[in-house]
Amino acid sequence: MSFETISVIGLGYIGLPTAAVFASRKKKVIGVDVNKNAVDTINRGEIHIVEPDLDMVVHAAVTEGYLKAVTVPEPADAFLIAVPTPFKGDHEPDLGYIESASKAIAPVLKRGDLVILESTSPVGATEQMAAWMAEARPDLTFPQTHGEESDIRVAHCPERVLPGHVLRELVQNDRVIGGMTTKCSDKAAALYKTFVEGECVITNARTAEMCKLTENSFRDVNIAFANELSIICDKLDINVWELIRLANRHPRVNILQPGPGVGGHCIAVDPWFIVSKSPAESKIIRAAREVNDKKPEWVLHKIDQKINDLLAMDKDMDIVIGCLGLSFKADIDDIRESPAVEICKQLSARYPGRVLVADPNVADLPNELLGLTELVDVAEILKADVIVVLVDHKEFKKLDWANIKCYVDTRGISC
Ligand code: SAJ
């Protein structure tokens, strides 16, 4: 099974590193994206997203001629679809990008091609994708009707890399390969073996879909447990971070960390794909989502309490609130679905003109905060009357917390 040309559809946080890694193994890679700016940037050997070392790998791949980006799909031997799968207002998964991508590649498919869905997807999405392609190409046969004899092989191989460590995890992590038939799985495993040093473990498409959702739901449920504990401990006057450190000394206990809520495009989204398919049965998974989604509200309440305490001492005080951090987690610049941004926004609405924010990894305020708050240096935040820790960036951990008087620490860096 040789793959001369590989096409990656969707050149975002997953697709671009994947395309670049294939290209670094001297495969001819055609990256496809509807965003003309992203395509032009990549063809200049530059990148439009932030991920350590990705700029070097993409630059080398483009200048050596192994990677090019286009807006319209071209023929290839394997197609990897890595497009977003957001949810709609009612938490129902939105497969619109997968539908567009599969319809866009359908005209260039030929007998023997492999199509892999990498996007995190609800159970059944791979079969749906194959159905869209079959509808567009009645002259080709697909696994849902022709099994092992099909012209086109189809599989789901979810990505599971951690933002900030993508290039390492792409190569080292084990890979779950869910083919629609055994031949589909074997072909997909052969493709990933081009660069994956971890094990390629074979299953079926539905199990692979559920596996990815399960991994992120497991993390969400565990973070919700930590967040619930933090609220309970606050009422009982117990330091939750000390409590967790102590409990984790038990050999079979490993509690995650509480925070201001769960952000990013994965953990806060994927569990809903399980809930929307099995609403009556997904009690814990839904409750975890609700606990984590409500955490920013609780943080705002704690900040209100601090401010009220100060006003009780001096009702004319011009209180300034200084927020530390905007990104959705430590030491990255990604602010997608960040609880820190939401908290800053709500605070600025409650206390207009009194909220400042600092984040060493964020150069400009996001649009939703423009005109509401001001991005300043950490030193400026330290002069505020109430300091709110929203992200545990390494720069914030180094501050002299013993000498900072009034703060709300949602990440436990002060103790
Ligand atoms: N968080 C906590 N407490 C913790 C851990 C995380 O509050 O103890 C918060 C973070 O601050 C952040 C959110 O959860 O707001 C998510 O961060 P994360 O580091 O848990 O996960 P992501 O979204 O960066 O990446 C996850 C990973 N999944 C798992 O670890 C099971 C990654 O491997 C996946 O590939 C990725 O989702 C994805 O793309 O699905």
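Residues numbered from 1 in each chain as written. Predicted model: local features only at pLDDT ≥ 70, side-chain atom pairs only at ≥ 80, totals over all residues. Heavy atoms only, no water.

### Brief notes about the overall build of the chain
Going by this rule: In this text, helices come from DSSP runs of H or I with a minimum length of four residues, and strands from runs of E with a minimum of two, each type numbered from the N-terminal end. Note on method: radius of gyration uses C-alpha positions; expected globular size equals 2.2 Å times residues raised to 0.38. With a 1.4 Å probe rolled over the protein chains alone, any residue whose accessible area is under 20% of its type maximum counts as buried; one over 50% counts as exposed, and the rest are partly exposed. Any two residues whose heavy atoms approach within 4.5 Å are treated as being in contact. Here, Shrake-Rupley sampling with a 1.4 Å probe gives the accessible areas, and only protein chains in the shown set may cover a residue. In summary, the charge assignment counts Lys and Arg as positive and Asp and Glu as negative, without counting His or the chain termini. To locate a charge, take NZ of a lysine, CZ of an arginine, CG of an aspartate or CD of a glutamate.
Along its length, the chain carries 15 helices and 13 strands. For the chain, whose C-alpha radius of gyration is 24 Å, the value lies close to the compact-globule estimate of 22 Å for 415 residues. Within the chain, the fraction of its 415 residues that count as buried is 51%. Considering only contacts in the chain between residues 6 or more positions apart, those separated by 24 or more positions represent 69%. As presented, the chain carries roughly 19,200 Å² of accessible surface, and 52% of it is formed by carbon and sulfur atoms. A gap of 3 Å separates the mean positions of the 46 positive and 61 negative side-chain charges of the chain.

### Section: the sheet that holds strand S7 (residues 175-179)
Stated formally: Strand pairing requires that DSSP identify at least two bridges connecting the strands. Convention adopted: a line fitted to C-alpha atoms gives each axis, helices being fitted over their contacting stretch, and angles between N-to-C directions are expressed from 0 to 180 degrees.
Pairing is mixed in the open sheet, where eight strands are placed in the order S3-S2-S1-S4-S5-S6-S7-S8. Taken across any chain shown, the strands that pair with only one partner, and hence form the sheet edges, are strand S3 (67-70) and strand S8 (200-204). Ignoring which end each strand starts from, the neighbouring axes of this sheet average 25 degrees apart. The pairing of strand S4 (residues 78-81) with strand S5 (residues 114-117) spans four bridges and is parallel.

### Examining the environment of Val253
Structurally, Val253 can be placed in the loop between helix H10 (240-247) and helix H11 (270-277). Val253 has contacts with Ala247 and Asn248, leaving out every residue within four places of it along the chain.

### Let's talk about the environment of Ala280
Of note, Ala280 is situated in the loop between H11 and helix H12 (283-313). Assessed through its relative accessible area of 52%, Ala280 is described here as exposed. Linking Ala280 and Leu167, residues 113 residues apart in sequence, is a C-alpha distance of 39 Å.

### As for the domain arrangement of the chain
Many descriptions give the size of an interface as the accessible area lost when the pieces come together. This is how it is decided: Domain delimitation in this document rests on an assignment produced automatically or drawn from a domain database. What counts as buried area is the accessible surface, traced by a 1.4 Å probe, that two parts surrender upon association, with contributions from both included. Throughout this description, the term salt bridge denotes a Lys or Arg side-chain nitrogen within 4 Å of a carboxyl oxygen of Asp or Glu. Residues adjacent in sequence count toward polar contacts only when both atoms are side-chain atoms; beyond that, a polar contact is any pair of N or O atoms within 3.5 Å, and within protein one must be able to donate a hydrogen and the other to accept it.
Taken domain by domain, the chain consists of domain 1 (5-198) and domain 2 (216-409). Each of domain 1 and domain 2 has a C-alpha centre, and the two are 34 Å apart. Between domain 1 and domain 2, the contact holds 14 residues from the first and eleven residues from the second. Here domain 1 and domain 2 share an interface that buries about 1,200 Å² over both sides, 66% of which is from carbon and sulfur atoms. Broken down residue by residue, the surface that domain 1 buries against domain 2 is led by Tyr13, Phe87 and His91, which jointly contribute 36%. Across the contact surface, domain 1 and domain 2 share zero salt bridges. At the junction of domain 1 and domain 2, the tally comes to one residue pair in polar contact (both at pLDDT 80 or more).

### Brief notes about H11
Among the eight residues that make up H11, six are buried, leaving the element largely enclosed by the rest of the structure. What H11 keeps buried is the set Asp270, Pro271, Trp272, Phe273, Ile274 and Val275. Those residues of H11 that are buried are in contact with helix H9 (205-236) and H12.

### Describing the site of the ligand
Heads up, the condition is: For each residue, the test is whether any non-hydrogen atom lies within 4 Å of the molecule or strand; if one does, the residue is near. Residues are grouped as follows: Ala, Val, Leu, Ile, Met, Phe, Trp, Tyr, Cys and Pro are nonpolar; Asp, Glu, Lys and Arg are charged; all remaining types, including Gly, are polar.
Close to the ligand lie 21 residues; Glu159, Val161, Lys212, Arg219 and Phe328 are nearest. Here an oxygen atom of the ligand and a backbone polar atom of Arg160 are 2.9 Å apart. Here a nitrogen atom of the ligand and a backbone polar atom of Gln257 are 2.7 Å apart. With five residues, the single largest contributor to the shell around the ligand is H9. Classifying every residue of the shell around the ligand gives nine nonpolar, four polar and eight charged. Looking at which domains feed residues into the shell around the ligand, each of domain 1 (5-198) and domain 2 (216-409) supplies at least three.

### Quick look at the packing of aromatic side chains
Filter applied, for reference: We call Phe, Tyr and Trp rings a pair once their centres come within 6.5 Å, taking the six-membered ring for Trp, and we label the pair stacked below 30 degrees between planes, edge-to-face above 60, and tilted otherwise. Put simply, a charge is over a ring when the Lys NZ or the Arg CZ is close to the ring centre, within 6 Å, and near the line of the ring normal, within 35 degrees.
Taken as a whole, this structure holds three aromatic pairs when the rule is applied. The interplanar angle of 70 degrees and the centroid separation of 5.1 Å between the aromatic rings of Trp401 and Tyr407 together place this pair among those described as edge-to-face. An aromatic cluster is defined as three or more aromatic residues linked by ring pairs; in this entry it consists of Phe22, Tyr192 and Phe195. The residue whose ring lies beneath Arg336 is Tyr13, and the NZ or CZ to ring-centre distance is 4.0 Å.

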